[in-house]
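# Analysis of the macromolecular model
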Amino acid sequence: MLSLIVVTALILGVSAQNHPWDPQPRDAGWLQHHERFVNQTLAHMKEEQIVFVGDSITEGWGGNGKAVWAKYYTPRHTFNYGIGGDRTEHVIYRIQHKEFDGLKPKVTILMIGTNNAASNTVEDIAHGVEETVKELLVKMPETKLILLGVFPRAEPLGAKVKQVNTIIKKLNNDKNVFWLDMWSAYESADGHQKTELYVSDKLHLNEKGYEVWQQTMEPLLKKLLN
Ligand SMILES: *[C@@H]1O[C@H](CO)[C@@H](O)[C@H](O)[C@H]1NC(C)=O
């Protein structure tokens, strides 16, 4: 009887969750951040050549990644659209509400999904990432999209995002969606997360972690810019 109740509660709990592919706004502070990005797009529409889209790990280019960004990305007219805490459904909301309307960047870089790991299934997260890719391409049909695999993070969620990567890598089509594995750059030969590239939460990157991101992505980025 008890197990039946537990199973029922689990089923109800899962079905009550948001789908990671259904657009979802967050709180007032977040809406303001979103509005700043809409303004960024309106102000720099013609100038934007590379855009980064994602969560706090992308937003961190303005923090621990600042020096690397200034050296490699500012000169190439790159703009950041990362908001800390975002899950796929929040990015989809942003895309549907004018953040990318009218932009024609040569390259769009997306990394998203790690914040869904605590509350969604692997399949649903992958579906959310797929929808995010599709929505970005609706708004920016001529861009080349680099889909980054979700980076390693501490267990128990590390194993889950690794599984998400095995699904979303299939979105690669070598035409306008280019999958790039990031996992191996943040993992040692014996299969452990290279924590020396992260801050103490083992989720966010330190400066060295951003250097590795830039270096790992540079060959593909260069190819797509030419
Ligand atoms: C965005 O731009 C509008 C029009 O210039 C301005 O009124 C608004 O305050 C800006 N929003 C943010 C969050 O900066």
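Every residue gets a number counted from 1 within its own chain, in the order that chain's sequence is written. The model is predicted, so local features are restricted to residues of pLDDT at least 70 and side-chain atom pairs to those at 80 or more, both for listing and for counting; the totals for chains, interfaces and linings are taken over all residues. Side-chain metrics in this entry use all non-hydrogen atoms of the structure; hydrogen atoms and water are not considered.

## Examining the pairing of strand β5 (residues 177-180)
The condition that has to hold: For the exposure calls, accessible area comes from a 1.4 Å probe over protein chains only, and a residue counts as buried if that area is under 20% of its type's maximum, exposed if over 50%, partly exposed in between. Secondary structure follows DSSP: runs of H or I at least 4 residues long count as helices, runs of E at least 2 residues long count as strands, and numbering of each begins at the N terminus. Here, any two strands with at least 2 DSSP bridges between them count as paired. A clockwise course of the path from the first strand over the helix to the second, judged with the strands pointing away from the viewer, identifies a crossover as right-handed.
The alternating pattern of β5 places Val177 and Trp179 on one face and Phe178 and Leu180 on the opposite face, and all of these are buried. Where strand β4 (residues 144-148) lies against β5, four bridges are found, and the strand directions are parallel. Across the sheet, Leu145 pairs through a bridge with Val177, a residue of β5. Assessed by its sense of winding, the connection that carries the chain from β4 through helix α7 (residues 157-168) to β5 is right-handed.

## Some thoughts on the pattern of salt bridges
The line we're drawing: Salt bridges are defined by distance alone: a side-chain nitrogen of Lys or Arg within 4 Å of a carboxyl oxygen of Asp or Glu.
Scanning all chains against the criterion turns up eight salt bridges. Across the salt bridge formed by Lys134 and Glu130, the nearest N and O atoms sit 4.0 Å from each other. You can see Lys134 and its partner Glu130 sitting in helix α6 (residues 122-139), four residues apart, about one turn around the helix. Looking at Lys134, the relative accessible area reads 45%, which means it is partly exposed. With a closest N to O distance of 3.4 Å, Lys208 and Glu211 form a salt bridge. Of this pair, Lys208 and Glu211 both sit in helix α8 (residues 207-225), three residues apart, roughly one helical turn.

## Let's talk about the side chain of His34
On the secondary structure map, His34 appears in helix α2 (residues 28-44). A relative accessible area of 8% means that His34 is categorised as buried.

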